[in-house]
Amino acid sequence: MRIVVLLGPPGAGKGTQAAGLAADLGLAHVATGDLFRANVAAGTELGRLARRYMERGELVPDDVTLAMLLGRLAEPDATAGAVLDGFPRTRAQAEALDRALAERGERVEAALLIEVPEDVLVARLADRWICEAAGHIYSRAARPPRVDGRCDVDGSPLVQRADDRPETVRARLAQQLGPLADVVAHYERAGILRRIDGTGSIEAVGAALRAALGMPARSSAAWPSARPAAASGRSP
Ligand code: AP5
Ligand code: MG
């Protein structure tokens, strides 16, 4: 099982990059934020619990998150492995992932940190639009849809994520950058951390991520055909 971890603060571009990277590697794209949002949208018990934390910009407790992640990795499309987007988010999650992989004689292959300064993150999150059907990600500045307000892939309406309200963005940054630094330190100690400049174009960041994994550059940043999770958000 190949596990590649994509790290970065909120708005760094993990989701924008992860699906295409996973498709190129022949791995599943597993995004814990997408899984939580799908549960919120479906009104499951997990979704009701996760929502309480997400709307405050806090991390969902480790035990709940880990159980969901390991369940997802046990699904058939993840047999070959996965690109993890938004997991691990705490040192405890990173250590639990290491233990789960070690039980199978495996380990995280690489941890790629997308670095973007805070003022750029805030601007990006204010301008993020996602499609209601599948969470495809747009930005008026960097990746506008072909038809205003509609997803290029499935035509569904573009909405803003509930946690992209300015006050929640501030809370996410305040509460999540510390734990991210712990995860970064964890992979630095393991000698598998690679730092990627996330301030370039979407294509440039994609090329840098692929270069860090020793992969050939990608000719276009086309959407992969499918994303696993539903999205929820408020209408524009
Ligand atoms: P999650 O959904 O993972 O949110 P996040 O980590 O805050 O990251 P984002 O999805 O906001 O940003 P991104 O890096 O994916 O950026 P994107 O590609 O969209 O988690 C949500 C919540 O769930 C958490 O707050 C927490 O409550 C909970 N949670 C999730 N995982 C958890 C875990 N493991 N443990 C505990 N709790 C957990 O890009 C952003 C915008 O920028 C887009 O508009 C995009 O078009 C644009 N953009 C991207 N790249 C570029 C570029 N190079 N140039 C210009 N614009 C760009
Ligand atoms: Mg994301």
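Preceding block: the structure.
Just so we're clear, the structure is a prediction, and the values are computed from it rather than from any experiment.

Some thoughts on empty space enclosed by the protein
- On inspection of all chains with the given rule, the structure shows two cavities of 30 Å³ or more.
- Size it by volume and the largest cavity reaches roughly 60 Å³.
- Considering the residues around the largest cavity, the lining is formed by Gly8, Pro9, Pro10, Leu59, Arg89, Gln176 and Leu180.
- Lining the second largest cavity we find Leu6, Leu7, Gly8, Lys14, Gly86, Phe87, Pro88, Arg89 and Leu180.
- Per-class residue counts for the lining of the second largest cavity are five nonpolar, two polar and two charged.

Looking at the pattern of salt bridges
- Counted under the stated rule, the structure contains 17 salt bridges.
- Residue aspartate 152 pairs with arginine 146 through a salt bridge whose shortest N-O separation is 3.9 Å.
- Judged by relative accessible area, aspartate 152 falls into the partly exposed class, the value being 24%.
- Arginine 146 sits in the exposed class, given a relative accessible area of 69%.
- Measuring nitrogen to oxygen at the nearest pair gives 2.8 Å for the salt bridge that ties aspartate 164 to arginine 172. In this pair, the class of aspartate 164 matches that of arginine 172, namely buried.
- Through salt bridges that share partners, Arg128, Arg161, Asp163, Asp164 and Arg172 make up one connected network.

Comments concerning the sheet that holds strand E6 (residues 137–139)
- The three strands are arranged E6-E5-E7 in an open sheet whose pairing can be described as antiparallel. In this open sheet, the two strands that pair with only one neighbour each are E6 and strand E7 (158–159).
- With two bridges connecting them, strand E5 (residues 128–131) and E7 associate as antiparallel partners. Paired with cysteine 131 across the two strands is leucine 158, which belongs to E7.

Observations regarding helix H8 (residues 202–212)
- Every buried residue of H8 is accounted for by Val205, Gly206, Leu209 and Arg210. Projection of H8 onto a plane perpendicular to its axis shows the buried side chains occupying an angular sector of 135 degrees, all on one side.
- Contacts from the buried residues of H8 go to strand E1 (2–7), helix H1 (14–25), strand E4 (110–115) and strand E8 (193–197).
- Positive backbone phi, approximately 70 degrees, marks glycine 214, located one or two places after H8.

Some thoughts on the nonpolar core
- Membership of the largest hydrophobic core comes to 34 residues, with the highest contact counts inside it found for Ile3, Val5, Leu7, Leu73, Leu84, Leu97 and Tyr187.
- When near neighbours in sequence (up to four residues on either side) are disregarded, valine 5 contacts Leu84, Phe87, Pro88, Leu97, Val108, Ala110, Ala111, Leu112 and Tyr187.
- Listed in part, the 22 residues of the second largest apolar core include Val83, Ala110, Val116 and Val205.

What to know about the packing of aromatic side chains
- Considering all chains together, one arrives at zero aromatic pairs under this definition.
- Geometry around tyrosine 53 places arginine 56 over its ring, the cationic atom sitting 5.6 Å from the centre.

Notes on helix H4 (residues 62–73)
- When the terminal C-alpha atoms of H4 are compared, their 16 Å separation across twelve residues agrees well with the 16 Å that a helix rising 1.5 Å per residue should span.
- Buried within H4 are the following residues: Thr65, Leu66, Met68, Leu69, Arg72 and Leu73. Down the axis of H4, the smallest arc covering the buried residues is 165 degrees, so these residues share one side. H4 presents Asp63 and Ala67 as exposed residues on the side facing more than 90 degrees away from its buried surface.

Some details on the sheet that holds E8
- Strand order across the open sheet formed by five strands is E2-E3-E1-E4-E8, with parallel pairing between neighbours. Strands at the two margins of the open sheet, each flanked by one partner only, are strand E2 (28–31) and E8. Across the sheet, the axes of successive neighbouring strands diverge by a mean angle of 20 degrees, strand direction being ignored.
- Sitting on the sheet, H4 is in contact with E1, E2 and strand E3 (81–85), with an inclination near 170 degrees to E2.

Details of the layout of surface pockets
- Of the pockets and cavities examined, the largest pocket occupies roughly 910 Å³.
- Looking at the largest pocket, it is lined by 48 residues, and the ones nearest its centre are Gly11, Lys14, Leu125, Arg128 and Arg161.
- If you list the elements that add at least two residues to the lining of the largest pocket, you get H1, helix H2 (32–42), helix H6 (118–126), E5, E6, helix H7 (166–190) and H8.
- The element contributing the most residues to the lining of the largest pocket is H2, with five residues.
- Grouping the amino acids of the lining of the largest pocket by side-chain chemistry returns 18 nonpolar, 16 polar and 14 charged.

Procedures and definitions
Residues numbered from 1 in each chain as written. Chains lettered and ligands numbered in written order. Predicted model: local features only at pLDDT ≥ 70, side-chain atom pairs only at ≥ 80, totals over all residues. Heavy atoms only, no water. 1 Å grid on protein atoms, 1.4 Å probe; cavity = no way out; pocket = protein on both sides within 12 Å on 5 of 7 lines; lining within 4 Å. Points joined across faces, edges and corners; volume = space filled by probe spheres on them. Nonpolar A, V, L, I, M, F, W, Y, C, P; charged D, E, K, R; others polar. Salt bridge = Lys/Arg side-chain N within 4 Å of Asp/Glu carboxyl O. Buried < 20%, exposed > 50% of the residue type's maximum accessible area, 1.4 Å probe, protein only. Pairing = 2+ DSSP bridges. Helix = DSSP H or I, 4+ residues; strand = E, 2+ residues; numbered from the N terminus. Arc of directions from axis to C-beta. Contact = heavy atoms within 4.5 Å. Core = buried A, V, L, I, M, F, W, Y, C linked by side-chain atoms within 4.5 Å. Phe/Tyr/Trp six-rings, centres within 6.5 Å; stacked < 30°, edge-to-face > 60°. Lys NZ or Arg CZ within 6 Å of the ring centre and 35° of its normal. Expected span 1.5 Å × (residues − 1). Axes fitted to C-alpha atoms, helices over the stretch in contact; angles between N-to-C directions.

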